[in-house]
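Structural characterization, general
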Amino acid sequence: MVCEISIQLDRTPLDVAKYPVGIDSQVQVLKRILNLQSKDKVLMVGLWGKGGVGKTTLAKAIFNVVFREFQGSSFLERVRENSNDLVRLQEKLLSEVLLGEKLAIYNVAGGSRLIQDRLCNKKVLIILDDVDNMRQLDALARCCEWFGKGSRIIFTTRNSYLLTSHDVDWNHMYEVKALENGEALELFRKHAFQGNKKIEISSNLVDRVVHYAKGLPLALEVLGSSLYKRGEKEWKSMLQKLADSPCKYINDVLKVSFDGLEDGEKEIFLDIACFFKGQSTKHITKVLEKCGFAGVIIGVKSLIEHSLISEEEGTLQMHDLIQLMGMNIVKEECPNNPGKRSRLWLWDDFLHILSGNAVRLVNV
Ligand SMILES: Nc1ncnc2c1ncn2[C@@H]1O[C@H](COP(=O)(O)OP(=O)(O)O)[C@@H](O)[C@H]1O
Ligand SMILES: [Mg+2]
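These numbers come from a predicted model, not from an experiment.

Section: the overall build of the protein chain
- Regarding its fold elements, the protein chain presents 17 helices and 7 strands.
- For 364 residues, the compact-globule formula gives about 21 Å, and the C-alpha radius of gyration of the protein chain, at 23 Å, lands near that figure.
- Out of the 364 residues belonging to the protein chain, those deemed buried represent 47%.
- Here the protein chain has roughly 19,000 Å² of accessible surface; of this, 52% comes from carbon and sulfur atoms.
- Each charge sign in the protein chain was given a centre, from 49 positive and 47 negative side chains, and these centres are 1 Å apart.

Quick notes on the domain arrangement of the protein chain
- For the protein chain, the domain assignment lists domain 1 (2-175), domain 2 (183-259) and domain 3 (261-364).
- The gap between the C-alpha centroids of domain 1 and domain 2 is 34 Å.
- Domain 1 puts 8 residues into the contact, and the matching count from domain 2 is 9 residues.
- For the pairing of domain 1 and domain 2, the buried interface totals around 790 Å² over both sides, and the portion due to carbon and sulfur atoms is 65%.
- Interface area lost by domain 1 to domain 2 is led by Tyr19, Val21 and Gly52, which between them contribute 64%.
- Joining domain 1 to domain 2, the criterion identifies 0 salt bridges.

Description of the UniProt feature "domain: NB-ARC" (unreviewed entry) in the protein chain
- Look at the UniProt record and you will see "domain: NB-ARC" (unreviewed entry) annotated at residues 35-196.
- Structurally, residues 35-196 is divided into 38% helix and 15% strand, and its ends, taken at the C-alpha atoms, are 42 Å apart.

A look at the sheet that holds strand 5 (residues 173-175)
- The 5 strands lie next to each other as 2-3-4-1-5, forming an open sheet whose pairing is parallel. The open sheet has two edge strands, strand 2 (72-76) and strand 5, and neither has a second partner. Strand after strand, the sheet turns through a mean of 10 degrees between neighbouring axes, direction not considered.
- Docked against the sheet, helix 2 (residues 23-34) engages strand 1 (43-48), strand 4 (152-157) and strand 5, running at close to 150 degrees with respect to strand 1.
- Together, strand 2 and strand 3 (124-128) form the strand contacts of helix 4 (residues 86-97), whose direction differs from that of strand 2 by roughly 145 degrees.

A closer look at the packing of aromatic side chains
- Enumeration over the complete set of coordinates arrives at 8 aromatic pairs.
- With a centroid separation of 5.7 Å and 10 degrees between ring planes, the pair formed by Phe193 and Trp235 is classed as stacked. Of this pair, Phe193 sits in helix 8 (residues 181-193) while Trp235 sits in helix 11 (residues 232-244); the two residues are 42 residues apart in sequence, bridging distant segments of the chain. As far as the burial class goes, Phe193 and Trp235 line up, both buried.
- Where Trp347 meets Phe350, the ring centres are 5.8 Å apart and the plane angle is 20 degrees; that geometry is what we call stacked. Note that Trp347 and Phe350 are positioned in helix 17 (residues 347-363) at a spacing of 3 residues, about one turn of the helix.

A short note on the site of ligand 1
- The environment of ligand 1 is formed by 18 residues, the closest being Gly52, Thr56, Thr57, Glu221 and His319.
- Within the contact set of ligand 1, an oxygen atom lies 2.8 Å away from a side-chain nitrogen or oxygen of Lys55.
- With the chains in place, 88% of the 550 Å² that ligand 1 exposes on its own is no longer accessible.
- Within the residue set of the shell around ligand 1, elements represented by two or more residues are helix 3 (55-66) and helix 10 (217-226).
- Looking at side-chain class alone, the shell around ligand 1 contains 9 nonpolar, 6 polar and 3 charged residues.
- There are two domains that each give the shell around ligand 1 at least three residues, and those are domain 1 (2-175) and domain 2 (183-259).

Thoughts on the pattern of salt bridges
- Within the structure shown, the criterion is met by 17 salt bridges.
- Here Lys277 ties to Glu81 by a salt bridge, and the two come within 2.8 Å at their closest N and O atoms. Here Lys277 is found in the loop between helix 13 (263-276) and helix 14 (281-290), whereas its partner Glu81 is found in the loop between strand 2 and helix 4, with 196 residues between them in sequence.
- A residue is classified by how much of its surface remains accessible, and Lys277, at 16% relative accessible area, is buried.
- Taken together, the salt bridges that share partners define one network made up of Arg80, Asp130, Arg158 and Asp320.

Description of the side chain of Asp252
- Within the element layout of this structure, Asp252 appears in helix 12 (residues 250-259).
- Judged by relative accessible area, which is 17%, Asp252 ranks as buried.
- In this view, Asp252 contacts Ser245, Pro246 and Cys247; residues no more than four positions away in its chain are not counted.

Some words on the UniProt feature "domain: Disease resistance protein Roq1-like winged-helix" (unreviewed entry) in the protein chain
- Per the UniProt record, "domain: Disease resistance protein Roq1-like winged-helix" (unreviewed entry) is found at residues 264-332.
- The straight-line gap between the two end C-alpha atoms of residues 264-332 is 19 Å; of that span, 67% is helix and 9% is strand.

Things to note about the packing of helix 4 against helix 5 (residues 108-119)
- Between helix 4 and helix 5, the least distance of the axes is 9 Å, while the angle of their chain directions is 15 degrees. Between helix 4 and helix 5, the angle is such that the two are roughly parallel. Note that helix 4 runs across helix 5; the crossing there is left-handed. Of helix 5, the residues touching helix 4 (which contributes Leu86, Val87, Gln90, Leu93, Leu94 and Val97) are Val108, Gly111, Ser112, Leu114, Ile115, Arg118 and Leu119.
- Of the residues that constitute the contact of helix 4 with helix 5, the class distribution is 9 nonpolar, 3 polar and 1 charged.

The rules behind each value
- Residues numbered from 1 in each chain as written.
- Chains lettered and ligands numbered in written order.
- Predicted model: local features only at pLDDT ≥ 70, side-chain atom pairs only at ≥ 80, totals over all residues.
- Heavy atoms only, no water.
- Helix = DSSP H or I, 4+ residues; strand = E, 2+ residues; numbered from the N terminus.
- Rg over C-alpha atoms; globule rule 2.2 N^0.38 Å.
- Buried < 20%, exposed > 50% of the residue type's maximum accessible area, 1.4 Å probe, protein only.
- Areas by Shrake-Rupley, 256 points an atom, 1.4 Å probe, with all protein chains shown as cover.
- Lys, Arg positive; Asp, Glu negative; His and termini not counted.
- Charge placed at Lys NZ, Arg CZ, Asp CG, Glu CD.
- Domains from an automatic or database assignment.
- Contact = heavy atoms within 4.5 Å.
- Buried area = accessible area lost by both parts, 1.4 Å probe.
- Salt bridge = Lys/Arg side-chain N within 4 Å of Asp/Glu carboxyl O.
- UniProt positions renumbered as here; feature names shortened; annotations may be inferred.
- Pairing = 2+ DSSP bridges.
- Axes fitted to C-alpha atoms, helices over the stretch in contact; angles between N-to-C directions.
- Phe/Tyr/Trp six-rings, centres within 6.5 Å; stacked < 30°, edge-to-face > 60°.
- Near = heavy atom within 4 Å.
- Polar contact = N/O pair within 3.5 Å; in protein donor to acceptor, adjacent residues only side chain to side chain.
- Nonpolar A, V, L, I, M, F, W, Y, C, P; charged D, E, K, R; others polar.
- Parallel < 35°, antiparallel > 145°, perpendicular 65-115°, else oblique.
- Left-handed = near helix turned anticlockwise from the far one by under 90°.

Structure follows, in structure tokens:
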């Protein structure tokens, strides 16, 4: 008992955002939806909205505010990206809720049974971040009966239909919306100026750049960071690039920030996007240095300053929309022929090229 309490107190809150804006008011709304006073019910709650709008951030914020009210908690990040190994996700969930206890799971069905067996009498908080298909929900949190009285299960997703299909009540669903003008400007300014009062940029220029981010925190953060410490000349050049790009999709906006990187940084960024996302910083640095890149450590630091990657628990992470932007850049080098691109990361592309070579060899 004493041991359990001390581990509970030890559990550290999650890192929410570098410059949180407008989160407290959303947390209050969510707390009302979670209705923690109702101690007998088990509730499933869904946060939904576009990519980059702030679902994961808000989920982390609410986790930090309420996790101490539960006997056990787990925040499972990036479920979609890791869903090729649902057993590992099940193990992670159980180990977090059961305070480090390691249980061997041999298959998804067994994992589901174990979650149900071990958690049906525990009041738990579970957050499944970025789910995109029913298999994940079925494996990790199929129904309220799996969890003890008073438990709360929160999903984040881009697809509200998934929530209704999983019987999440419409009044337990919360749409995370793009930031309003004032908050968007505040978030952008925090990244672009970071308290630096020396550089004066006309508010007209600032407003025009902010306009392109359409209130999306991810875009505000990336555009703002790439203008940090830049003078008016660079701001105008960025605006020109934004005006020239189609800017129909967030991808176009993010790419403008990539275009502003130094050549070496671009290469490091593309390698991380295509091959190394999620791996340890040490390992990535070592491999890139072995590949002959100069200044890898400074390059990685610069990418972090540009908010294109982040360092989390010794690993390099990247928002999936930023990763997609990077992969698209490589695909666009030669859309129809993977063999002529600078990087290959899909097994199918690899096979395509190998089989092409085989045919050529036969012809020879
Ligand atoms: N309210 C906010 N205040 C400050 N930064 C935010 C806010 N919402 C999101 N961000 C930042 O925007 C980026 C994208 O947010 P994220 O929560 O990952 O989006 P989603 O999960 O909806 O794709 C993150 O880097 C995050 O730090
Ligand atoms: Mg997310």
